[in-house]
Amino acid sequence: QVQVVESGGGLVQPGGSLRLSCAVSGIIFSVATMAWYRQAPGEQRELVADITSGGDTNYQDSVKGRLTISRDNAKRTVALQMNNLRPEDTAVYYCNANLFKRDFWGQGAQDTVSS
């Protein structure tokens, strides 16, 4: 059984930092492309960042230089370090594992950026 479990997040003031972590089990983690998506109220889910099995990363333009995705294959985890957060970063953040064109999703973690 595949499990994708997010942790972290919460409430932070503008300019602050948060860190999300995602633990994955039940798949060959080292081969999977891992990604973080987010969905704001009334909006569609969008890709924030992804990282391939080889460590290549890709970011949405609005988060470049502020958010960093990383993975630890030994621990089967992927993280999203979020710095200099803005109110428009407020959303539910979802961890995604893509393996052989199959998607596995976490339950989501709420991040709120507000003063």
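Our structure's up above, just so we're on the same page.
Model, not experiment: these values are computed from the prediction.

### Things to note about the pairing of strand β9 (residues 91-99)
Successive residues of a regular strand alternate their side chains across the two faces of the sheet. Counted residue by residue, β9 has 7 buried out of 9 residues, so it is predominantly covered. Looking at chain direction, strand β4 (residues 33-39) and β9 are connected through 7 bridges and run antiparallel. Paired with Thr 33 across the strands is Asn 98, a residue of β9. Where β9 meets strand β11 (residues 109-113), 3 bridges bridge the pair, whose relative direction is antiparallel. Residue pairing in the sheet places Tyr 93 in a bridge with Ala 109 of β11. Direction of pairing for β9 relative to strand β10 (residues 102-105): antiparallel, over a ladder of 4 bridges. Following the sheet pairing, Asn 98 is matched in β10 by Asp 103.

### What to know about the state of the cysteines
Disulfides are covalent bonds that link the sulfur atoms of two cysteine residues. Applying the stated rule across the entire model yields 1 disulfide. Two residues, Cys 22 and Cys 95, share a disulfide whose sulfurs are 2.1 Å apart. One quick way to see it: the torsion about the S-S bond of Cys 22 and Cys 95 is about -85°, and its sign makes the bridge left-handed. Of this pair, Cys 22 sits in strand β3 (residues 18-25) while Cys 95 sits in strand β9, and the two are 73 residues apart along the sequence. The buried category is assigned to Cys 95, whose relative accessible area is 0%.

### Some details on the pattern of salt bridges
Oppositely charged side chains may form a pair once their charged atoms are brought near each other. On inspection of all chains with the given rule, the structure shows 4 salt bridges. Salt-bridge contacts for Glu 46 lead to Arg 38; the nearest nitrogen and oxygen are separated by 2.8 Å. Take Arg 38: its relative accessible area is 5%, and that puts it in the buried class. Residue Asp 89 pairs with Arg 66 through a salt bridge whose shortest N-O separation is 2.7 Å. On the criterion of sequence distance, the pair formed by Asp 89 in the loop between β8 (77-82) and β9 and Arg 66 in the loop between β6 (57-59) and β7 (67-72) is long-range, its members being 23 residues apart. Here Asp 89 matches Arg 66 in class, with each residue buried.

### Focus: the nonpolar core
Met 34, Trp 36 and Leu 80 are the most contacted members of the largest nonpolar core, which has 30 residues in total. At the level of elements, β3, β4, β5 (46-51), β7, β8, β9 and β11 are the ones that each hand at least two residues to this core. The element that contributes the greatest number of residues to this core is β9, accounting for 5 residues.

Cut-offs and rules
Residues numbered from 1 in each chain as written. Predicted model: local features only at pLDDT ≥ 70, side-chain atom pairs only at ≥ 80, totals over all residues. Heavy atoms only, no water. Buried < 20%, exposed > 50% of the residue type's maximum accessible area, 1.4 Å probe, protein only. Helix = DSSP H or I, 4+ residues; strand = E, 2+ residues; numbered from the N terminus. Pairing = 2+ DSSP bridges. Disulfide = S-S within 2.5 Å. Salt bridge = Lys/Arg side-chain N within 4 Å of Asp/Glu carboxyl O. Core = buried A, V, L, I, M, F, W, Y, C linked by side-chain atoms within 4.5 Å.

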